[in-house]
Amino acid sequence: MRITTLLFLLLFFQMSLAQTIFGRWKTIDDINGKEKGIVEIYEFKGKVYGRVIEIFEEAKKHIKCDKCDGEEKDKPVMGMNIIKGLKKDGDIYNGGKVLDPKIGKWYHCKISLEGKDKLIVRGYIGIPLFGRSQTWIRI
């Protein structure tokens with residue numbers, strides 16, 4: 001009986017981990033479908049952040065955010081937080097922002113899971129209707 005209960009709890013714990021946004025995600029360009037890199041989604045002081053931990057294209061591995069303003073200006077994209085300050089709101093995370101380092105612009109952001117291995121990341125201006133979404137794949 002104890003072993004059955006332990007196995008059930010372990011299985012439940014594994015399933016609950018698979019249903020989280022936290023972890024490493026392969027980013028895919030919503031325009032050309034190319035795999036761009038890996039972003040690690042994590043929580044810090046009750047808010048959600050996403051940091052670039054890998055860039056696939058060799059020529060872009062050492063690029064800097066020269067079009068960015070503020071603290072990101074001329075900083076390497078590798079290691080940069082491109083998602084900042086999201087909070088959980090039911091099944092979605094919103095209230096934060098996402099950076100497009102290619103153009104140096106921040107957008108409002110919301111993210112949600114689609115199944116256990118797809119993350120929908122939406123950047124928008126004003127309201128979510130005016131924006132773009134990318135589907136990222138869990139690694």
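The rules we used
- Residues numbered from 1 in each chain as written.
- Predicted model: local features only at pLDDT ≥ 70, side-chain atom pairs only at ≥ 80, totals over all residues.
- Heavy atoms only, no water.
- Disulfide = S-S within 2.5 Å.
- Core = buried A, V, L, I, M, F, W, Y, C linked by side-chain atoms within 4.5 Å.
- Buried < 20%, exposed > 50% of the residue type's maximum accessible area, 1.4 Å probe, protein only.
- Helix = DSSP H or I, 4+ residues; strand = E, 2+ residues; numbered from the N terminus.
- Contact = heavy atoms within 4.5 Å.
- Pairing = 2+ DSSP bridges.
- Axes fitted to C-alpha atoms, helices over the stretch in contact; angles between N-to-C directions.
- Phe/Tyr/Trp six-rings, centres within 6.5 Å; stacked < 30°, edge-to-face > 60°.

Colleague: In this structure, what is going on with the state of the cysteines? I would like to understand it.
Modeller: In protein chemistry, a disulfide is the covalent bond that joins the sulfur atoms of two cysteines. Taken as a whole and assessed by the stated rule, the structure comprises 1 disulfide. For Cys65, the disulfide goes to Cys68, at an S-S distance of 1.7 Å. Handedness of the Cys65-Cys68 disulfide follows from its S-S torsion of about 45 degrees: it is right-handed.

Colleague: Is there a simple way to explain the nonpolar core in this structure?
Modeller: Nonpolar side chains in soluble globular proteins tend to end up buried together. In this structure, Ile41, Ile82, Ile111, Leu119 and Trp136 are the most contacted members of the largest nonpolar core, which totals 23 residues. Looking at this core, the elements with two or more residues in it are strand S2 (35-44), strand S3 (47-55), strand S4 (81-89), strand S5 (92-100), strand S6 (105-114) and strand S7 (118-124). Not counting chain neighbours up to four residues away, the residues in contact with Ile41 comprise Ile21, Phe22, Gly23, Trp25, Val48, Tyr49, Gly50, Ile83, Leu119 and Trp136.

Colleague: I tried to follow the sheet that holds strand S1 (residues 23-28) on my own but got confused; where do I start?
Modeller: As a general point, the strands of a sheet are linked pairwise by backbone hydrogen bonds and lie either parallel or antiparallel. The strand order around the closed barrel built from 8 strands is S1-S2-S3-S4-S5-S6-S7-S8, with neighbouring strands paired in antiparallel fashion. Going across the sheet, the axis of each strand differs from the next one's by a mean of 30 degrees, ignoring polarity. Sheet analysis places S3 next to S4, joined by 3 bridges and oriented antiparallel. Bridging across to S4, Val48 finds its partner in Leu86.

Colleague: Explanation requested: the pairing of S5 in the structure shown.
Modeller: In regular strands, side chains alternate between the two faces of the sheet. Bridge count for S4 against S5 is 5 bridges, and the pairing is antiparallel. Considered in S5, the bridge of Ile83 is made with Val98. Counting the residues between successive antiparallel strands, the hairpin from S4 to S5 contains 2 residues, one of them, Gly90, with a positive phi of roughly 70 degrees. In this sheet, S6 lies alongside S5 in antiparallel orientation, the contact comprising 8 bridges. Within S6, the position partnered with Val98 by the bridge is Tyr107. In sequence, S5 turns back onto S6 through a hairpin of 4 residues, with Gly104 there showing a positive phi of about 70 degrees.

Colleague: Is there a simple way to explain the packing of aromatic side chains in this structure?
Modeller: Think of a pair of aromatic rings as described by two things: how far the centres are apart, and how the planes are tilted against each other in angle. Taken as a whole and assessed by the stated rule, the structure comprises 2 aromatic pairs. Their ring planes at 75 degrees and their centres at 6.3 Å tell us that Phe22 and Tyr93 sit as a pair that is edge-to-face. Of the two residues, Phe22 sits in the loop between helix H1 (2-18) and S1 while Tyr93 sits in strand S5, which places them 71 residues apart along the sequence. Among the residues examined, Phe22 registers a relative accessible area of 26% and is labelled partly exposed. Centroid distance Tyr42 to Tyr49: 5.8 Å. Interplanar angle 25 degrees. Geometry classified as stacked. One exposure class covers both Tyr42 and Tyr49, and it is buried.

Read these as geometric descriptors, not functional statements.
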